[in-house]
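# A structural walkthrough
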Amino acid sequence: QVQLEESGGGLVRPGDSLRLSCTASGRTYAMAWFRQAPGKEREFVAAISRSGGTTHYTDSVKGRFTISRDNAKNTVALQMNSLKPEDTAIYYCAADVRNYGSSYYSTGAGFYDYWGQGTQVTVSS
């Protein structure tokens, strides 16, 4: 079993940047970030394969967000630039521990067995 802990959320102004980090207690394969805004369903944000060589983003964050990982430290990060009010949400880190290969990832929430507690990101002027 793997435990995930997110950090780095906060209150920022539009156009600002934030870096979220997620630390896993053990080895993980595909990892991803999801978010849930008030009154909305949880949505996919970004995913990364174990090798780090394959990434995928939802259209609304392409060019602004970057997902990365450090397997030696069991961490995954989400660098968020040019933040917008519509990015306001609770951000969740998700991980899978099944070995489908170093290039595999998924955009589906149901694929991931392990989730962090979430970190609040608020973008407001």
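The paragraphs below set out a description of the structure included in this document. (Residues numbered from 1 in each chain as written. Predicted model: local features only at pLDDT ≥ 70, side-chain atom pairs only at ≥ 80, totals over all residues. Heavy atoms only, no water.)

### Section: the sheet that holds strand E7 (residues 65-70)
Each strand in a sheet pairs with its neighbour through backbone hydrogen bonds, running either in the same direction (parallel) or in the opposite one (antiparallel). Put simply, the rule is: When DSSP finds two or more bridges between two strands, those strands count as paired. Strands here are runs of E lasting at least two residues and helices are runs of H or I lasting at least four, both read from the DSSP assignment and numbered beginning at the N terminus. A fitted line through C-alpha atoms represents every axis, and for helices the fit uses only the stretch in contact; the resulting angles, taken between N-to-C directions, go from 0 to 180 degrees.
Pairing is antiparallel in the open sheet, where 4 strands are placed in the order E1-E3-E8-E7. For this open sheet the edge positions go to strand E1 (4-7) and E7, each flanked by a neighbour on one side alone. Averaged over all pairs of adjacent strands, the angle between their axes in this sheet comes to 15 degrees, without regard to strand direction.

### Looking at the pattern of salt bridges
Here is the rule: We define a salt bridge as a contact between a side-chain nitrogen of Lys or Arg and a carboxyl oxygen of Asp or Glu at a distance within 4 Å.
A complete count under the given rule lists 6 salt bridges for this structure. One salt bridge in this structure joins Arg98 and Asp113, with 4.0 Å as the shortest N-O distance. In this pair, Arg98 is assigned in the loop between strand E9 (89-95) and strand E10 (114-115) and Asp113 in the loop between E9 and E10, connecting sequence segments 15 residues apart. The network of salt bridges with common partners includes Arg35, Glu43, Arg64 and Asp87.

### Overview of the environment of Ala32
Here is the rule: Categorising residues by exposure relies on relative accessible area from a 1.4 Å probe, with only protein chains included: less than 20% of the type maximum marks a residue as buried, more than 50% marks it as exposed, and the intermediate range marks it as partly exposed. Whether two residues touch is decided by their heavy atoms; if any such pair falls within 4.5 Å, the residues are in contact.
Within the secondary structure layout, Ala32 lies in strand E4 (residues 31-36). On the accessibility criterion, Ala32 (0% relative accessible area) is buried. Residues Ala32 and Ala47 lie 15 residues apart in sequence; the distance between their C-alpha atoms is 4.0 Å. If we ignore the near neighbours within four places in the chain, the residues touching Ala32 are Phe44, Ala46, Ala47, Ile67, Tyr92, Cys93, Ala94 and Tyr112.

### Section: the pairing of strand E11 (residues 119-123)
The alternating pattern of E11 places Thr119, Val121 and Val123 on a buried face, while none of Gln120 and Thr122, on the opposite face, is buried. With 3 bridges connecting them, strand E2 (residues 10-12) and E11 associate as parallel partners. Bridging from a neighbouring strand, Gly10 pairs with Val121 of E11. Pairing of E9 with E11 involves 3 bridges; the strand directions are antiparallel.

### With respect to the side chain of Arg35
Note the cut-off: Here a polar contact is recorded for every N or O atom pair within 3.5 Å, except that within protein the pair must consist of a potential hydrogen donor and a potential acceptor, and residues adjacent in sequence are included only if both atoms are side-chain atoms.
You can see Arg35 is positioned in strand E4. Polar contacts involving the side chain of Arg35 include one to the side chain of Ser60, which spans 3.4 Å. Polar contacts involving the side chain of Arg35 include one to the side chain of Tyr91, which spans 2.9 Å. When sequence neighbours within four positions are dropped, the list of residues in contact with Arg35 reads Glu41, Arg42, Glu43, Val45, Ser60, Val61, Phe65, Glu86, Asp87, Ala89, Ile90 and Tyr91.

### Points about the state of the cysteines
As a reminder, the rule being used: Note that a disulfide, as used here, is simply two cysteine sulfur atoms within 2.5 Å.
Tallying each qualifying case throughout the model produces 1 disulfide. The disulfide partner of Cys22 is Cys93, and the gap between their sulfur atoms is 2.1 Å. Taking the torsion about the S-S bond as the criterion, the Cys22 to Cys93 disulfide, at about -80 degrees, is left-handed. Highlighted residues: Cys22 in strand E3 (residues 18-24) and Cys93 in strand E9, separated in sequence by 71 residues. Of the two residues examined, Cys22 and Cys93, each falls in the buried class.

### Side note on the environment of Leu4
Structurally, Leu4 can be placed in strand E1. With residues near it in sequence (within four places) discarded, Leu4 still touches Cys22, Thr23, Ala24, Met31, Cys93, Ala94, Ala95, Tyr114, Trp115, Gly116 and Gln117.

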